[in-house]
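Residue-level listing of the chains:
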Amino acid sequence: PYLYFQLGHSYRRLHDYEKAVQYFDAGLAMDVDPALDYVQTMVESYGYTLLDLKRNQDALNLLGVYEEFSGRADFVFLIGLIYMNNGLFDEAITEFQKATMIEEFAVDGVNSYKAHYNIGVIYECAGYPRQARQAYLRCGNYEAARARLRQL
């Protein structure tokens, strides 16, 4: 599984998402230990690659491994993005809020400003500027949020 992870990761960096998905699929089809960092990263990279390919419905299948991987904010944040890309905005907000409560993460912002920013975007697009403003204010100095605040 580790070799498939490395191959998938390499193809992802080359923006060959079709090949990346094939290798991530092969690695995840094997008996993997969800506690291993590379397995967590492979699952998350797989999800992002599916989103890059606009295979939003397929990405929902990651809900089947939610219990095993939801201890890390990166995965919960990804699930929020998957819901968002599938038009399931209430569910997306719930996942982004959950991500902000998880201390373990690999990518900066997934359990703080990036999660709050996405909540703000959802509220803004849904026509709730007050809630969007509150979410953007929780982003601190994140420039994208500051730009949105200037527009509100």
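This text follows the structure it describes.
Just so we're clear, the structure is a prediction, and the values are computed from it rather than from any experiment.

**Student:** Explain the overall build of the protein chain here, please?
**Tutor:** A tally of helices and strands in the protein chain yields 10 helices and zero strands. Going from the N terminus to the C terminus, the protein chain shows its helices and strands as α-α-α-α-α-α-α-α-α-α. Relative to the globule expectation of 15 Å for 152 residues, the C-alpha radius of gyration of the protein chain, 16 Å, shows essentially globular dimensions. Referenced to the eigenvectors of the C-alpha coordinate spread, the extents of the protein chain come out at roughly 45 × 30 × 25 Å. Per-residue burial for the protein chain yields a buried fraction of 41% across its 152 residues. The long-range share in the protein chain, meaning contacts at least 24 apart out of those at least 6 apart in sequence, stands at 49%.

**Student:** Could you clarify how one ought to interpret the packing of helix H1 (residues 2-13) against helix H2 (residues 17-28) in this entry?
**Tutor:** Helix-helix packing is characterised by the crossing angle of the two axes and by the distance between the axes. For the pair H1 and H2, the least separation of the axes is 8 Å and the interaxial angle reads 165°. One finds that H1 runs roughly antiparallel with respect to H2. The element H1 and its partner H2 pack so that their crossing is left-handed. Counting all contacts with H1, which are made through Tyr4, Phe5, Leu7, Gly8, His9, Tyr11 and Arg12, the residues of H2 involved are Tyr17, Lys19, Ala20, Tyr23, Phe24, Ala26 and Gly27. Here the residues of the contact of H1 with H2 sort into nine nonpolar, three polar and two charged.

**Student:** Help me understand the packing of aromatic side chains, please; the structure alone is not making it clear to me.
**Tutor:** Within a pair of aromatic rings, the relevant descriptors are the distance that separates the centres and the angle that separates the planes. Per the stated rule, a full pass over the model turns up 12 aromatic pairs. Look at tyrosine 2 and phenylalanine 5: their rings are 5.9 Å apart centre to centre, the planes differ by 45°, and that puts the pair in the tilted class. With tyrosine 2 and phenylalanine 5 both in helix H1 and three residues apart, this pair spans about one turn of that helix. According to the relative accessible area criterion, phenylalanine 5 is buried, its value standing at 7%.

**Student:** Can you help me understand the nonpolar core in this one?
**Tutor:** Soluble globular proteins tend to bury their nonpolar side chains together. Within the largest apolar cluster, 42 residues are counted, with the highest numbers of intra-cluster contacts made by Leu62, Ile82 and Phe96. Mapped by element, the contributors of at least two residues to this core are H2, helix H3 (37-52), helix H5 (66-69), helix H6 (73-85), helix H7 (89-99), helix H8 (113-125), helix H9 (129-137) and helix H10 (143-151). Ranked by residues supplied to this core, first place goes to H6 with 10 residues. When neighbours within four sequence positions are excluded, isoleucine 82 is seen to be in contact with Leu51, Asn56, Ala59, Leu60 and Leu62.

**Student:** Just checking my understanding: could you explain a nonpolar patch on the surface for this structure?
**Tutor:** Taken together, Tyr4, Leu7 and Met30 make up a surface patch of nonpolar side chains, about 240 Å² in accessible area. Looking at the element boundaries, tyrosine 4 is found in helix H1.

**Student:** Honestly, the pattern of salt bridges in this entry has me stumped. Any pointers?
**Tutor:** Two side chains bearing opposite charge may form a pair once their charged atoms approach each other closely. According to the stated counting rule, one finds eight salt bridges in the structure shown. For aspartate 58, the salt bridge identified is with arginine 55, shortest N-O distance 2.8 Å. When its relative accessible area of 33% is taken as the criterion, aspartate 58 is described as partly exposed. Relative accessible area serves as the criterion here: at 28%, arginine 55 is assigned to the partly exposed category. Of the charged contacts, one joins arginine 150 and glutamate 143 as a salt bridge, the two residues approaching to 2.7 Å between their closest N and O atoms. Since its relative accessible area comes to 45%, glutamate 143 is described here as partly exposed. Three or more residues are tied together by salt bridges with common partners; here these are Glu44, Arg72 and Asp74.

Here is what the cut-offs are and how they apply
Residues numbered from 1 in each chain as written. Predicted model: local features only at pLDDT ≥ 70, side-chain atom pairs only at ≥ 80, totals over all residues. Heavy atoms only, no water. Helix = DSSP H or I, 4+ residues; strand = E, 2+ residues; numbered from the N terminus. Rg over C-alpha atoms; globule rule 2.2 N^0.38 Å. Buried < 20%, exposed > 50% of the residue type's maximum accessible area, 1.4 Å probe, protein only. Contact = heavy atoms within 4.5 Å. Axes fitted to C-alpha atoms, helices over the stretch in contact; angles between N-to-C directions. Parallel < 35°, antiparallel > 145°, perpendicular 65-115°, else oblique. Left-handed = near helix turned anticlockwise from the far one by under 90°. Nonpolar A, V, L, I, M, F, W, Y, C, P; charged D, E, K, R; others polar. Phe/Tyr/Trp six-rings, centres within 6.5 Å; stacked < 30°, edge-to-face > 60°. Core = buried A, V, L, I, M, F, W, Y, C linked by side-chain atoms within 4.5 Å. Patch = residues over 30% accessible without salt bridge, like charges linked within 9 Å, V, L, I, M, F, W, Y side chains within 5 Å. Areas by Shrake-Rupley, 256 points an atom, 1.4 Å probe, with all protein chains shown as cover. Salt bridge = Lys/Arg side-chain N within 4 Å of Asp/Glu carboxyl O.

Without other data, these values stay purely geometric and don't point to any function.
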